[in-house]
Amino acid sequence: MSSTWHILGAGSLGSLWACRLARAGKAVRLILRDTQRLAAYQAAGGLTLVEQERVCRYAIPAQTDDAPGPIHRLLLACKAYDAAPAVARLAPRLAHGAEIVLLQNGLGSQDEVAEQAPHARCIFASSTEGAFREQDWRVNFAGHGFNWLGDPAKPTPPEWFADLHEAGIPAQWTPDILSRLWRKLALNCAINPLTVLHDCQNGGLLGHLTEVCGLCEELAVLLQRCGQPLAAENLDEEVQRVILATAANYSSMYQDVHHGRRTEVHYLLGHACRSAARHGVAIDRLEQLHRRLVDNLRARGLPSA
Ligand code: NAD
Ligand code: KPL
């Protein structure tokens, strides 16, 4: 098996991972959308990582998805709605037993990817690191955090796991990755849509705590019914802690909406509503929230799924 890290998506998280792996001497190849993006990247001379005072450029080799050669290890660093189509295009290059690390927030895209790559091992990740693109090919490492990785189908970590520590990527292998992803999804459902609807920073929700707590109640019941009791524990307390700790921040969904970008709602609140319907759980408040959010997105001319 080749030890090259193919990284699809030179956006915020993909660039952050690519620069740290390359800095540690790991073989990295970026996979870019098309020949135009490839030419623009080559003209820029590489990816630039801005980390506090330090600014470093890494001339990481790049290619398009139809380049020759098999892929054994793929870091999928695109948005949830792009994940399955991206893997479908790469499928002819995926070696039997290839490993795909899925960095997508929310739930649902992991199953869509697995359908496109039935012979690959899908490793799910949940990240609390924060990065944003200052401009094309230049990423700012804004928020130190942590990464949990796991595979619901196989408890043993992949042999390359030590690469992450060597590259200074804080990470832990966990058998409870689904619980982590559900918990983050629940936090995002309780906070992000309301920040869009009330047009406020996370701290603005302190003025809407009855609404927040009502959502947490329904989310906790849903998590229990989905077989995720740990993710349901003290959810309302954690949501309020996060609102206070991030009071001055705008949620990721708020930022997407205000930059006119498509949101990941289908894999967050949308996934919660679909799961509730499957399990026969009544979630009137979450459904009403979903309807209000969909109307709001449509009114702005943004995709509502
Ligand atoms: P991003 O939009 O900055 O980057 C995604 C990149 O993927 C874009 O450059 C896009 O052009 C590229 N892409 C999409 N389809 C492609 C294809 N077929 N071929 C090649 N490139 C393709 O997104 P991001 O902020 O890095 O987020 C990625 C995922 O990580 C999301 O699910 C997000 O919710 C999650 N996440 C992000 C952060 C963060 O701080 N940015 C933190 C935690 C989780
Ligand atoms: O993850 C977040 C986001 O903005 O997406 C927080 C800060 C937890 C709010 O839900």
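Please read these numbers as outputs of a predicted model, since none were measured by experiment. Along each chain, numbering runs from 1 in the same order as the chain's sequence is written. All chains are assigned letters beginning at A, and all ligands numbers beginning at 1, according to the order in which they are written. Reporting in this predicted model follows two pLDDT cut-offs: at least 70 for local features of residues, and 80 or more for side-chain atom pairs to be given and counted; totals over whole chains, interfaces and linings ignore these cut-offs and use all residues. The side-chain values count all of the structure's non-hydrogen atoms but skip hydrogen atoms and water molecules.

This next bit is on the overall build of the protein chain. Strands are runs of DSSP state E lasting at least 2 residues, helices are runs of H or I lasting at least 4, and numbering of each runs from the N terminus. Per the secondary structure count, the protein chain includes 12 helices and 12 strands. Radius of gyration (C-alpha) of the protein chain: 19 Å, near the 19 Å computed for a compact globule of 305 residues. Counting only C-alpha atoms, the protein chain reaches 55 × 40 × 35 Å along its principal axes. The buried share of the protein chain, reckoned over its 305 residues, is 53%. Throughout, a residue-residue contact means that at least one pair of heavy atoms, one from each residue, lies within 4.5 Å. Looking at the protein chain alone, contacts between residues at least 24 apart form 67% of all its contacts between residues at least 6 apart. Split by element, the accessible area of the protein chain, about 13700 Å² in all, is 49% carbon and sulfur. Only four residue types enter the charge count, namely Lys and Arg as positive and Asp and Glu as negative; His and the chain termini do not. Note that the charge is assigned to NZ on lysines, CZ on arginines, CG on aspartates and CD on glutamates. Taking the average place of the 30 positive charges on the side chains of the protein chain and the average place of its 31 negative ones, the gap between the two points comes to 4 Å. Atoms considered for the radius of gyration are the C-alpha atoms alone. The globule rule reads 2.2 Å times the number of residues to the power 0.38. Classification of residues uses two cut-offs on accessible area relative to the type maximum, computed with a 1.4 Å probe and protein chains only: under 20% is buried, over 50% is exposed, and between them is partly exposed. Residue burial considers only the protein chains on display, and all accessible areas are found by Shrake-Rupley using a 1.4 Å probe.

A separate point is the domain arrangement of the protein chain. These domain boundaries are the output of an automatic or database domain assignment. By the assigned domains, the protein chain splits into domain 1 (5-175) and domain 2 (179-299). The gap between the C-alpha centroids of domain 1 and domain 2 is 26 Å. If you look at the interface, domain 1 gives 16 residues, while domain 2 gives 13 residues. Joining two parts hides part of their accessible area as seen by a 1.4 Å probe, and the buried area is that hidden amount summed over both. For the pairing of domain 1 and domain 2, the buried interface totals around 1500 Å² over both sides, and the portion due to carbon and sulfur atoms is 57%.

Right, let's get into the sheet that holds strand E9 (residues 130-135). At least two bridges found by DSSP between two strands is the condition for calling them paired. With respect to topology, 4 strands assemble into an open sheet ordered E4-E3-E10-E9, the strand pairing being mixed. What marks the edges here is a single partner per strand, and that holds for strand E4 (54-58) and E9. Across the sheet, the mean angle from the axis of one strand to that of its neighbour is 25°, orientation sign disregarded. Direction of pairing for strand E3 (residues 47-51) relative to E4: antiparallel, over a ladder of 5 bridges. Note that in E4 the partner of Val 50 across the bridge is Val 55. Interaxial angle, 0 to 180 degrees, is taken between N-to-C directions of lines fitted to C-alpha atoms, where a helix line uses only the stretch in contact. Across the sheet, helix H1 (residues 12-23) touches E3, E4, E9 and strand E10 (138-143), and the angle it forms with E3 is around 90°.

Attention now goes to the packing of helix H11 (residues 269-279) against helix H12 (residues 284-299). The relative placement of two packed helices comes down to the angle between their axes together with the axis-to-axis distance. Orientation of H11 relative to H12, taken along the N-to-C sense of each, is 140°, at an axis distance of 10 Å. In terms of orientation, H11 lies oblique with respect to H12. Remark: the crossing between H11 and H12 carries left-handed chirality. On the side of H11, the interface is formed by Leu 269, Gly 270 and Cys 273, while H12 contributes Leu 286, Glu 287, Leu 289, His 290 and Leu 293. Each residue is assigned to one class: nonpolar for Ala, Val, Leu, Ile, Met, Phe, Trp, Tyr, Cys and Pro, charged for Asp, Glu, Lys and Arg, and polar for all the others, Gly among them. In terms of residue class, the contact of H11 with H12 is built from 5 nonpolar, 2 polar and 1 charged. To sort the angles, those under 35 degrees are grouped as roughly parallel, those over 145 as roughly antiparallel, those from 65 to 115 as roughly perpendicular, and the leftovers as oblique. By definition, turning the near helix anticlockwise from the far helix through less than a right angle yields a left-handed crossing, and turning it clockwise yields a right-handed one.

A few words on the site of ligand 1. Looking at ligand 1, there are 24 residues lining it, with Ser 12, Leu 13, Asn 105, Ala 131 and Glu 264 nearest. Any pair of nitrogen or oxygen atoms within 3.5 Å is treated as a polar contact; in protein, a donor-acceptor pairing is required on top of that, and neighbouring residues in sequence qualify only through side-chain atoms on both sides. A distance of 2.9 Å separates an oxygen atom of ligand 1 from a polar backbone atom of Leu 13. In the environment of ligand 1, an oxygen atom lies 3.4 Å from a nitrogen or oxygen atom belonging to the backbone of Leu 103. Protein chains shield 84% of the accessible area of ligand 1, which is 840 Å² for the free molecule. Whether a residue is near a molecule or strand depends on its heavy atoms: it is near if one of them lies within 4 Å of it.

Let us now look at the site of ligand 2. Around ligand 2, a shell composed of Lys 184, Leu 187, Asn 188, Ile 191, Asn 192, Asn 202, Val 242, Ser 251 and Ser 252 is seen. Asn 188 places a side-chain nitrogen or oxygen 3.0 Å from an oxygen atom of ligand 2. In the model, an oxygen atom of ligand 2 is placed 2.6 Å from a nitrogen or oxygen of the Asn 192 side chain. In the complex, 81% of the free accessible area of ligand 2, which totals 290 Å², lies under the protein chains. Of the residues contributing to the shell around ligand 2, the split by class is 3 nonpolar, 5 polar and 1 charged.

Turning next to the nonpolar core. We define a nonpolar core as any set of buried Ala, Val, Leu, Ile, Met, Phe, Trp, Tyr and Cys residues linked to one another through side-chain atoms lying within 4.5 Å. The biggest cluster of nonpolar side chains holds 62 residues, and the ones touching the most others in it are Leu 74, Leu 76, Ile 100 and Val 239. With 11 residues, helix H6 (residues 177-197) is the largest single contributor of residues to this core. Residue-level mapping places this core at the junction of two domains, with at least three residues from each of domain 1 (5-175) and domain 2 (179-299). If sequence neighbours within four positions are ignored, Leu 76 has contacts with Leu 8, Ala 83, Ala 86, Val 87, Ile 100, Val 101, Leu 102, Leu 103, Gln 104 and Val 113. One finds Ile 7, Ala 10, Leu 47 and Val 139 within the second-largest nonpolar core, a separate group that totals 36 residues.

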